[in-house]
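Examination of the molecular architecture
Residues per chain are reported as follows:
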Amino acid sequence: MENNATRYSVQLYIYDLSRGMARNLSPIMLGKQLDGIWHTAIVVYGDEFFFGGVGISSCSPGGTMLGPPDTVVELGETEVSEEIFMDYLSSLGESTYRGDRYRLFEHNCNTFTNEVAQFLTGNSIPAYITDLPSEVLATPFGQILRPILDSIHIAPPGGNVINGGRNN
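Residues numbered from 1 in each chain as written. Predicted model: local features only at pLDDT ≥ 70, side-chain atom pairs only at ≥ 80, totals over all residues. Heavy atoms only, no water.

Re the overall build of the chain
Let me state the cut-off plainly: A helix here means a DSSP run of H or I that spans at least four residues, while a strand means a run of E at least two residues long, and both kinds are numbered starting from the N terminus. Contact criterion: two residues are considered in contact whenever any of their non-hydrogen atoms come within 4.5 Å of each other.
Regarding its fold elements, the chain presents 6 helices and 6 strands. Going from N to C terminus, the chain has its helices and strands arranged as β-α-β-β-β-β-α-α-α-α-α-β. Taking the intrachain contacts of the chain between residues at least 6 apart in sequence as the baseline, contacts between residues at least 24 apart amount to 75%.

Right under this line is the structure:
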């Protein structure tokens with residue numbers, strides 16, 4: 001039996017929000033080396049999809065104020081159609097990934113991209129990204145900063161909100 005399904009490339013865009021400062025300051029502040037403070041997005045069907053304080057957003061690849069990604073990881077291919085994917089994102093945007101559900105340490109852009117990557121390809125994003133919050137919180141300074149950092153909602157400007165901005 002022949003499989004004629006269309007396949008689409010799925011990429012992970014990785015941005016260092018610290019622009020290299022984490023590498024220099026983390027040993028002093030946390031007592032351990034961090035290579036970056038990671039923001040990630042999924043690129044598929046010619047668009048970049050990410051989650052932040054306004055919910056799920058999209059833009060052209062590299063189209064936020066963050067500019068081009070620091071690293072691109074090929075996650076594989078998907079046979080999920082764009083229509084099914086957009087329905088999936090719409091559903092996530094109205095429930096699990098509403099803007100008001102964003103939490104810097106527990107429910108962030110990396111949580112979103114990991115879930116979406118698994119939906120599209122069956123593959124997870126790299127563990128050094130998903131493990132970063134627990135690494136920071138495992139340090140005394142991370143615990144001191146947690147109340148302040150918990151109030152931060154990151155939403156890179158330049159995207160179009162998928163869920164229409166509904167946060168109810």
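So, the packing of helix α2 (residues 82-94) against helix α3 (residues 109-121)
Basically, it comes down to this: A fitted line through C-alpha atoms represents every axis, and for helices the fit uses only the stretch in contact; the resulting angles, taken between N-to-C directions, go from 0 to 180 degrees. In this scheme the crossing of two helices becomes right-handed for a clockwise turn of the near helix relative to the far one and left-handed for an anticlockwise turn of less than a right angle.
Axis separation between α2 and α3 bottoms out at 12 Å; the angle between their running directions is 145 degrees. Classified by chirality, the crossing of α3 by α2 is right-handed. On α3, the residues that touch Ile84, Phe85, Tyr88, Leu89 and Leu92 of α2 are Phe112, Glu115, Val116, Phe119 and Leu120.

Structural notes on α2
Convention followed: To estimate the expected span of a helix, subtract one from its residue number and multiply by 1.5 Å.
Under the 1.5 Å per step criterion, the end-to-end length of α2 is 18 Å for 13 residues, consistent within 8% with the ideal 18 Å. Along its buried surface, α2 packs onto β2 (38-44), β3 (47-52), β4 (55-59) and α3.

Some details on α3
Applicable threshold: Three exposure classes are used, based on accessible area relative to the maximum for each residue type with a 1.4 Å probe and protein chains only: buried under 20%, partly exposed in between, and exposed over 50%.
With 13 residues, α3 extends 18 Å between its outermost C-alpha atoms, agreeing within 8% with the 18 Å of an ideal straight helix rising 1.5 Å per residue. Restricting attention to buried positions, one finds in α3 the residues Cys109, Asn110, Phe112, Thr113, Asn114, Val116, Ala117, Leu120 and Thr121. Note on α3: the residue one or two positions beyond its end, Gly122, has a positive phi of about 85 degrees.

Looking at the pattern of salt bridges
Our working rule: The working definition used for a salt bridge is a side-chain nitrogen of Lys or Arg within 4 Å of a carboxyl oxygen of Asp or Glu.
One pass over the structure, following the stated rule, counts 3 salt bridges. Ionic pairing is found between Asp100 and Arg98, a salt bridge with its closest N-O pair at 3.1 Å. Note on Arg98: relative accessible area 11%, which makes it buried. Salt bridges sharing partners connect three or more residues here, namely Arg7, Glu77 and Glu79.

With respect to unusual backbone geometry
The phi angle at Arg19 is positive, at roughly 55 degrees, despite the residue not being glycine. Note on placement: Arg19 falls in the loop between β1 (8-16) and α1 (21-29). With relative accessibility at 55%, the residue Arg19 sits in the exposed group. Phi at Tyr45 takes a positive value of approximately 55 degrees, unusual for a residue other than glycine. Structurally, Tyr45 can be placed in the loop between β2 and β3.

Considering the nonpolar core
For the record, the criterion: Definition of nonpolar core: a set of buried residues of the types Ala, Val, Leu, Ile, Met, Phe, Trp, Tyr and Cys, connected through side-chain atoms within 4.5 Å.
Counting residues in hydrophobic clusters, the biggest one holds 31 residues, and the most contacted among them are Ile42, Phe85, Leu89, Phe112, Val116 and Leu120. Sorting the residues of this core by element identifies β1, β2, β3, α2, α3 and α5 (132-137) as the ones contributing at least two each. Once residues within four sequence positions are removed from consideration, Ile42 is found in contact with Val10, Gln11, Leu12, Asp47, Glu48, Phe49, Leu75, Thr113, Val116, Ala117 and Leu120. Within the second largest apolar cluster, 7 residues are counted, among which are Tyr15, Phe50, Cys59 and Leu66.

Topic: the side chain of Thr139
Quick note on the threshold: Within 3.5 Å is the distance limit for a polar contact, defined as a pair of N or O atoms, with the added protein rule that one can donate a hydrogen and the other accept it, and that residues adjacent in sequence qualify only through two side-chain atoms.
Secondary-structure assignment places Thr139 in the loop between α5 and α6 (140-150). For Thr139, the side chain forms a polar contact with the main-chain oxygen of Val136, separated by 2.7 Å. Each residue touching Thr139, except ones within four places of it in the same chain, is listed here: Leu30 and Lys32.

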